[in-house]
Amino acid sequence: MNHQGTVRIETPRLILRRFVIEDAPAAFRNWTSDPEVTKFLRWPTHPHVGVTESVLNDWISSYEKPDFYQWAIELKELGEPIGSIASAYVKERTECAEVGYCMGRAFWGKGIMTEALSAVIAYFFDTVGVNRIEAIHDPNNPASGAVMRKCGMQYEGTHRQADWSNQGIVDVAWYGILQEDYLRQKA
């Protein structure tokens, strides 16, 4: 793999970029403080902007690592971040990246996350050279699975009580896309 880290990616409506500390108020306002956004996630709703600032500081200090991938999803027309998309981990031996995402409720249902995930999938296959991208979601959050399917990912099964979130121990639906799938869809 050819790790490049978190580079700027532009789509018709979005700029995927590195976070800066000045993003904390918008991140807090748009998604980190909303219990509906964090309902199916592993991290708790942020009670104040200071928690968001602390998380952003951790991410910002990790940008020097070439295998760290954490993007702010900035809606061009708004000029501020409305969510995030990242690789939770990269498995070197199998050339695999797991992708996760979240976005402010006011922006749900507009195809924004599908646009962001499609761009990240293309980046991982075309630039980083991964062989597989995978993503998971709680089956009680079917909208997340819909985004994965729209981006060409295939449902691979559900592991019963194999994960945890703010809902407790939960089932987890697995999706994946291989580089050969991506190239076939692209052709």
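All figures in this text were calculated on a predicted structure; none of them were measured in a lab. Numbering of residues starts from 1 in every chain and runs along the sequence as written. Selection of residues for local features in this predicted model requires a pLDDT of at least 70, selection of side-chain atom pairs for listing and counting requires 80 or more, and totals for whole chains, interfaces and linings are taken over all residues. Only hydrogens and water are removed before side-chain values are computed, so all heavy atoms of the structure are retained for them.

(A) Focus on unusual backbone geometry. A positive phi angle, near 50 degrees, is found at Glu 95, a position not held by glycine. Starting at the N terminus, helices and strands are each numbered in turn, a helix being any DSSP run of H or I of at least four residues and a strand any DSSP run of E of at least two. Tracing the backbone shows Glu 95 in the loop between β4 (80-91) and β5 (96-103). A positive phi angle, near 45 degrees, is found at Gln 161, a position not held by glycine. Looking at the secondary structure, you find Gln 161 in strand β7 (residues 154-165). Residue exposure (1.4 Å probe, protein chains only): buried if accessible area is under 20% of the type maximum, exposed if over 50%, otherwise partly exposed. We classify Gln 161 as exposed; its relative accessible area is 62%.

(B) Summary view of the pattern of salt bridges. The term salt bridge refers to a pairing of a side-chain nitrogen on Lys or Arg with a carboxyl oxygen on Asp or Glu at a separation within 4 Å. Counted according to the given criterion, the structure contains 13 salt bridges. With a closest N to O distance of 2.7 Å, Arg 17 and Glu 74 form a salt bridge. Remark: Glu 74 occurs in strand β3 (residues 70-75) and Arg 17 occurs in strand β2 (residues 14-17); sequence separation between them is 57 residues. The pair Arg 17 / Glu 74 is uniform in exposure class, with both members buried. A salt bridge links Asp 163 to Arg 42; the shortest N-O distance between them is 2.7 Å. Placement of the pair is Asp 163 in strand β7 and Arg 42 in the loop between α2 (35-38) and α3 (49-62), with a sequence separation of 121 residues. On the accessibility criterion, Asp 163 (15% relative accessible area) is buried. Arg 42 sits in the partly exposed class, given a relative accessible area of 40%.

(C) Spatial organisation of α3. Over its 14 residues, α3 extends 20 Å from the first C-alpha to the last, a length consistent with the 20 Å expected when each residue adds 1.5 Å. Turning to α3, its buried residues number three or more, namely Thr 52, Leu 56 and Ser 62. The arc enclosing the buried residues of α3, seen along the axis, measures out at 120 degrees, which places them on a common side. Contact definition: two residues touch when any of their heavy atoms are within 4.5 Å. Buried residues in α3 make contact with α1 (24-32). To estimate how far a helix should reach, multiply one less than its number of residues by 1.5 Å. Arc definition: it is the arc formed by the directions from the helix axis to the C-beta atoms.

(D) Highlighting the environment of Met 1. With respect to the helices and strands, the residue Met 1 is situated in the segment before β1 (9-10). Taking the C-alpha atoms as reference points, Met 1 and Ala 143, 142 residues apart in sequence, are found 31 Å from one another. Apart from residues no more than four positions distant in its own chain, Met 1 is found in contact with Val 90, Lys 91, Glu 92, Glu 95, Cys 96, Val 128, Gly 129 and Val 130.

(E) The arrangement of the environment of Glu 98 in detail. Within the secondary structure, Glu 98 sits in strand β5. Considering only alpha carbons, one finds Glu 98 and Arg 132, 34 residues apart in sequence, at a separation of 8.5 Å. With sequence-adjacent residues up to four places away left out, Glu 98 is seen in contact with Ala 86, Ser 87, Ala 88, Tyr 89, Glu 134, Ala 135 and Ile 136.

(F) The packing of α1 against α3, seen in detail. It is at 9 Å that the axes of α1 and α3 come closest, and there the two elements cross at 110 degrees. Relative to α3, the element α1 is oriented roughly perpendicular. For the crossing formed where α1 meets α3, the hand is right-handed. Between α1 and α3, the contacting residues are Ala 24, Pro 25, Ala 27, Phe 28 and Thr 32 on the first element and Val 49, Thr 52, Glu 53 and Leu 56 on the second. Three residue categories are used. Nonpolar comprises Ala, Val, Leu, Ile, Met, Phe, Trp, Tyr, Cys and Pro, charged comprises Asp, Glu, Lys and Arg, and polar comprises the others, including Gly. In terms of residue class, the contact of α1 with α3 is made up of six nonpolar, two polar and one charged. What counts as an axis is a line fitted to C-alpha atoms, over the stretch in contact for a helix, and the angles between N-to-C directions run from 0 to 180 degrees. Roughly parallel refers to an angle under 35 degrees, roughly antiparallel to one over 145, roughly perpendicular to one between 65 and 115, and oblique to any angle outside these ranges. The sense of a crossing depends on the near helix, which, turned anticlockwise from the far helix by less than a right angle, makes the crossing left-handed and, turned clockwise, makes it right-handed.

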